[in-house]
Amino acid sequence: MEEITNVSEFEAIAKQKLPKMVFDYYASGAEDQWTLRENRYAFSRILFRPRILIDVSKIDMTTTVLGFKISMPIMIAPTAMQKMAHPEGEYATARAASAAGTIMTLSSWATSSVEEVASTGPGIRFFQLYVYKDRNVVAQLVRRAERAGFKAIALTVDTPRLGRREADIKNRFTLPPFLTLKNFEGLDLGKMNEADDSGLASYVAGQIDRTLSWKDIKWLQTITKLPILVKGVLTAEDARLSIQAGAAGIIVSNHGARQLDYVPATIMALEEVVKASQGRVPVFLDGGVRRGTDVFKALALGASGIFIGRPVVFSLAAEGEAGVRKALQMLHDEFELTMALSGCRSLKEITRDHIVTDWDLPQPRIAPRL
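This section reports on the structure supplied with the text. (Residues numbered from 1 in each chain as written. Predicted model: local features only at pLDDT ≥ 70, side-chain atom pairs only at ≥ 80, totals over all residues. Heavy atoms only, no water.)

Overview of the pairing of strand β6 (residues 125–129)
To keep it simple, the criterion reads: Here's how the labels work: a residue is buried when its accessible area is under 20% of the maximum for its type, exposed when over 50%, partly exposed in between, all with a 1.4 Å probe on protein chains only. In this text, helices come from DSSP runs of H or I with a minimum length of four residues, and strands from runs of E with a minimum of two, each type numbered from the N-terminal end. DSSP-based pairing: two strands are paired if at least 2 bridges between them are found. By the criterion used throughout, a crossover qualifies as right-handed when its path from the first strand across the helix to the second strand runs clockwise, the strands pointing away from the viewer.
A large share of β6 lies buried, amounting to 5 of its 5 residues. Residues R125, F127 and L129 point to one face of β6 and F126 and Q128 to the other, with burial holding for every one of them. Taken together, the 3 bridges between strand β5 (residues 104–106) and β6 define a ladder with parallel strand orientation. What sits directly across from T105, in β6, is F126. In terms of strand pairing, β6 meets strand β7 (residues 152–156) through 4 bridges, oriented parallel. If you follow F126 over to β7, its bridge partner there is A152. For the segment spanning β6, helix α6 (residues 135–147) and β7, crossover handedness is right-handed.

Description of the nonpolar core
We count it as follows: In this description, a nonpolar core means a group of buried Ala, Val, Leu, Ile, Met, Phe, Trp, Tyr and Cys residues linked to one another through side-chain atoms lying within 4.5 Å. Only heavy atoms enter the contact rule, under which two residues are in contact if any of them lie within 4.5 Å.
Within the largest apolar cluster, 109 residues are counted, with the highest numbers of intra-cluster contacts made by W109, L129, I267 and F335. Contact partners of W109, with chain neighbours within four places excluded, come to A80, M81, Y130, Y132, L181, F184, L200, Y203, V204 and I208. Judged by nonpolar contacts, the second largest core, of 13 residues, contains I70, I124, A154 and I251.

Quick word on the side chain of Q82
Checked against the element boundaries, Q82 lands in the loop between β4 (74–76) and α4 (89–100). In this view, Q82 contacts Y26, G89, E90, T93, T111, V313 and L316; residues no more than four positions away in its chain are not counted.

Quick look at unusual backbone geometry
With a phi angle near 60°, Q33 is a residue other than glycine that sits in the positive phi range. Structurally, the position occupied by Q33 is in the loop between α2 (20–27) and α3 (34–41). Residue Q33 is classed as partly exposed on the basis of its relative accessible area of 26%. The backbone of Y262 sits at a positive phi, close to 70°, despite the residue not being glycine. Counting through the fold element by element, Y262 comes out in the loop between β9 (249–253) and α11 (266–277).

Section: the environment of G101
Tracing the sequence through the fold places G101 in the loop between α4 and β5. Residue class for G101 comes out partly exposed when judged on its relative accessible area of 29%. Residues G101 and Q16, spaced 85 residues apart in sequence, show a C-alpha to C-alpha distance of 30 Å. With sequence-adjacent residues up to four places away left out, G101 is seen in contact with I70 and S71.

Some remarks on the pattern of salt bridges
To keep things clear, this is the line we draw: Between Lys or Arg on one side and Asp or Glu on the other, a salt bridge is scored when a side-chain nitrogen of the former is within 4 Å of a carboxyl oxygen of the latter.
Per the counting criterion, the structure on display carries 18 salt bridges. Residue R95 is joined to E321 by a salt bridge in which the shortest nitrogen-to-oxygen separation is 2.7 Å. Of this pair, R95 sits in helix α4 while E321 sits in helix α13 (residues 310–342), and the two are 226 residues apart along the sequence. Relative accessible area serves as the criterion here: at 27%, R95 is assigned to the partly exposed category. Two residues, D286 and K231, come together in a salt bridge whose shortest N-O distance is 3.6 Å.

Some remarks on the packing of aromatic side chains
The condition that has to hold: The criterion for an aromatic pair is that two Phe, Tyr or Trp rings (for Trp, the six-membered ring) have centres within 6.5 Å, with stacked assigned to planes under 30 degrees apart, edge-to-face to planes over 60 apart and tilted to the rest.
The final tally for this structure, using the stated rule, is 9 aromatic pairs. Ring geometry for Y25 versus F173: centroids 4.4 Å apart, planes at 10°, classification stacked. Pair noted here: Y25 is in helix α2 and F173 is in the loop between α7 (166–170) and α8 (199–207), with a separation of 148 residues, a long-range link. Y25 gets classed as buried once you look at its relative accessible area, which sits at 5%. A relative accessible area of 0% means that F173 is categorised as buried. For the ring pair Y132 and F184, a centre distance of 4.4 Å and an interplane angle of 25° mean the geometry is stacked. Residue Y132 is located in the loop between β6 and α6, and its partner F184 is located in the loop between α7 and α8; the two are separated by 52 residues in the primary sequence. This pair shows no difference in class: Y132 is buried, exactly as F184 is.

Digging into the layout of surface pockets
We count it as follows: Residues are called lining when one of their atoms sits within 4 Å of a cavity or pocket point, these points coming from a 1 Å grid over the protein atoms alone, where a cavity is a set in which a 1.4 Å probe fits but cannot get out and a pocket is an open set with protein on both sides within 12 Å along at least five of seven lines. Grid points are joined across faces, edges and corners, and a volume is the space filled by probe spheres set on the points. Classification convention: Asp, Glu, Lys, Arg as charged; Ala, Val, Leu, Ile, Met, Phe, Trp, Tyr, Cys, Pro as nonpolar; all other residues, Gly among them, as polar.
Size it by volume and the largest pocket reaches roughly 460 Å³. Around the largest pocket sit 25 residues that line it, and V157, D158, T159, P160 and G232 are the ones nearest its centre. Secondary structure elements with two or more residues in the lining of the largest pocket: β7, α9 (214–223) and β8 (228–233). Residue composition of the lining of the largest pocket, grouped by class: 13 nonpolar, 8 polar and 4 charged.

Details of α9
Here is the rule we go by: Note that the arc is computed from the directions linking the helix axis to the C-beta atoms.
Where α9 is concerned, the buried positions are D216, I217, L220 and I223. Around the axis of α9, the buried residues are gathered within 120° of arc, so they sit on the same side. Along α9, exposed side chains directed more than 90 degrees from the buried face belong to K215 and T222. Of the surrounding secondary structure, the elements contacted by the buried residues of α9 are β6, α6, β7 and β8.

Considering the packing of α4 against α13
Spelled out, the test is: Fitted lines through C-alpha atoms serve as axes, helices being fitted only where they are in contact, and the angles separating the N-to-C directions of these axes extend from 0 to 180 degrees. Comment on the angle field: the value is read as roughly parallel under 35 degrees, roughly antiparallel over 145, roughly perpendicular from 65 to 115, and oblique elsewhere. In this scheme, a crossing is called left-handed if the near helix is turned counterclockwise away from the far one by less than a right angle; it is called right-handed if the turn is clockwise.
Running from N to C, α4 and α13 point in directions that differ by 20°, and their axes come no closer than 8 Å. Compared by their axis directions, α4 and α13 come out roughly parallel. Two packed elements cross with a definite hand, and for α4 against α13 that hand is left-handed. On α13, the residues touching G89, A92, T93, R95, A96, A97, A99 and A100 of α4 are V312, L316, E321, V324, R325 and L328. Grouping the constituent residues of the contact of α4 with α13 by class yields 9 nonpolar, 2 polar and 3 charged.

So, in structure tokens, the structure goes:
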């Protein structure tokens, strides 16, 4: 097998190894998948303005997130049902994140429970939360995450209904029979029934609370002391409302382009959200990151860090825990090299002046046709 030299190469291996239904579930986006392509492509519209003749013999990539020190501003986003990718699933991902000295976010819809992930050993972990119609279920889950040592809640706010993912409809996607949504197993909510279209869409329609609103962020603060990150913000207006509601941070995310198609790429939405936040809370980027250069561009536009999703499940499918470790290491090394070649020795030296975007440039005036 050829040596893997970048994280994007794991996808082709995952495609060979995984059943079609599983690969398509991880890889696909909503409807026309315009935003899915754009999440990647938008990074190519940002170019570097590197500074030269700076002593870059020592480079410090460490940072703190909500007070927790991590080795690099690259963290793991919540991705559901990782045991479909590899038998060790979330266990492997948790160990790889811990070894890399970074944060793992566990999905509500994990195939390993919060307690099981905590049992893999030390590590800084956040818990991604979907709000179910039964609020007792939510309160119970949040308390379990707290007890298991999770340090923050990432509240997903862009999923009152599941986006239309046509690959899942064609494949009649459902969770394989030997797996359950482990966090809900004891609550009779761990199984997904087969449906005429996507089993997950039917599950969401039956369980997830469509009435979720800003007041529920306040409600969440009454049941937990953990900081709450609002995940799924794409506009300045919602950034301001998130802060008013008491969010400890914002994750600019379009759900991996799996919800509403034709929303902007997250890297395009980032600067608007950062400006609206006025430094009051950290803003993170989730979506489309495949290179260390992407990480640098996000930080130059004001992100405090980034989260990766698909590169984790694809590297997990390809090589298990070793694959996820490798993916994190490659992004770490690429990011470090990008910093060096741009003349930045620490994250605080990465500024907006280190990049130019195509929206910074004067746009050609197109004369109207007469």
